[in-house]
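Spelled out from the first residue to the last, the chains are:
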Amino acid sequence: MAASLCLLSVLLAFIAAWVRPLQSLVRATTALIQGAWHRPVPISSVAIAPVQNLQAAYEGLRRALVDRLRSSTELNLQLESEVARRTAELAQRNVDLAALLGRLEATRSELLRTEKLATVGRVAAHVAGTIKPAVTQLAALPPQILRAFEDLEAHLAHAPAVPPTDPAQPPQRSAAQ
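Thresholds applied
Residues numbered from 1 in each chain as written. Predicted model: local features only at pLDDT ≥ 70, side-chain atom pairs only at ≥ 80, totals over all residues. Heavy atoms only, no water. Helix = DSSP H or I, 4+ residues; strand = E, 2+ residues; numbered from the N terminus. Buried < 20%, exposed > 50% of the residue type's maximum accessible area, 1.4 Å probe, protein only. Contact = heavy atoms within 4.5 Å. Areas by Shrake-Rupley, 256 points an atom, 1.4 Å probe, with all protein chains shown as cover. Core = buried A, V, L, I, M, F, W, Y, C linked by side-chain atoms within 4.5 Å. Salt bridge = Lys/Arg side-chain N within 4 Å of Asp/Glu carboxyl O. Patch = residues over 30% accessible without salt bridge, like charges linked within 9 Å, V, L, I, M, F, W, Y side chains within 5 Å. Expected span 1.5 Å × (residues − 1). Bend = angle between axes of the 7 residues up to and from the residue.

**Considering the overall build of the protein chain**
Move 1: For the protein chain, the count of helices and strands is 2 helices and 0 strands.
Move 2: Per-residue burial over the protein chain gives 10% buried out of 177 residues.
Move 3: Counting contacts in the protein chain only where the partners sit at least 6 residues apart, residues at least 24 apart contribute 53% of the total.
Move 4: Of the accessible surface of the protein chain, which amounts to about 15,000 Å², a share of 66% is contributed by carbon and sulfur atoms.

**Observations concerning the nonpolar core**
Move 1: The biggest cluster of nonpolar side chains holds 5 residues, and these are Leu 25, Ala 28, Leu 32, Val 41 and Tyr 58.
Move 2: The element that contributes the greatest number of residues to this core is helix α1 (residues 2-33), accounting for 3 residues.
Move 3: Excluding its chain neighbours within four sequence positions, the residues that come into contact with Leu 32 are Trp 37, Tyr 58, Arg 62 and Leu 65.

**Regarding the pattern of salt bridges**
Move 1: Summed over the entire model, instances satisfying the criterion amount to 9 salt bridges.
Move 2: Note that Arg 63 is salt-bridged to Glu 59, the shortest N-O span being 3.0 Å. Taken together, the residues span about one helical turn, with Arg 63 and Glu 59 both in helix α2 (residues 49-158) at a distance of 4 residues.
Move 3: Judged by its relative accessible area of 52%, Arg 63 is exposed.
Move 4: A salt bridge links Glu 110 to Arg 113, with the nearest nitrogen and oxygen atoms 2.9 Å apart.

**What about a nonpolar patch on the surface?**
Move 1: A cluster of nonpolar residues, Leu 138, Leu 141, Ile 145, Phe 149, Leu 152 and Leu 156, forms a patch on the protein surface that exposes about 580 Å² of accessible area.
Move 2: Note that Ile 145 resides in helix α2.

**Remarks on α2**
Along an α-helix, residues three or four positions apart point the same way, because every turn accommodates 3.6 residues.
Move 1: Helix length check: α2, at 110 residues, gives a terminal C-alpha distance of 158 Å against a target of 164 Å (1.5 Å per residue), a fit within 8%.
Move 2: If you look at α2, its biggest bend is around 40°, right at Ile 131, and the proline Pro 133 turns up within four residues after that.
Move 3: Of all the residues in α2, the buried ones are Val 51, Gln 55, Tyr 58, Glu 59, Arg 62 and Val 66.

**Focus: the side chain of Arg 62**
Move 1: With respect to the element layout, Arg 62 can be found in helix α2.
Move 2: Arg 62 gets classed as buried once you look at its relative accessible area, which sits at 9%.
Move 3: Excluding its chain neighbours within four sequence positions, the residues that come into contact with Arg 62 are Leu 32, Trp 37, His 38, Arg 39, Pro 40 and Val 41.

Put into structure tokens, the structure is as follows:
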């Protein structure tokens, strides 16, 4: 019986030194996996030194992960802020570019209108240059035509009178024909 009690006390000591601290470590690991980063890993005072060292190392790992998570969260916030700033900057650039595009289109339209007017001017100048000699000759004709009519009237005034002919009668043939 004494041997049983001794074995039972060794078994209880083993459970107290190894099993319970390891179960606590498993629970802490499960909580960490489930996202409970804030819960520290308990370090058992009754556990043997290797289990205590394992618990301490695990707690150090948890703290490092929490620090990295905080750093990661801070970096994410900084990145989001930077993305928002750049998005606003790009939106302003888009507005500026749209305004520039509007001015460019207006300038292009004005340039096209100016080119059309210049082309019309060149065509008009060419047409005017082409028809100017003909118009000048036509302008010189009325005095010549008036002189020709005056000459014709004078000639007709001195010419013998021709008897009027009846259009219904065929013309008479002269003896020379």
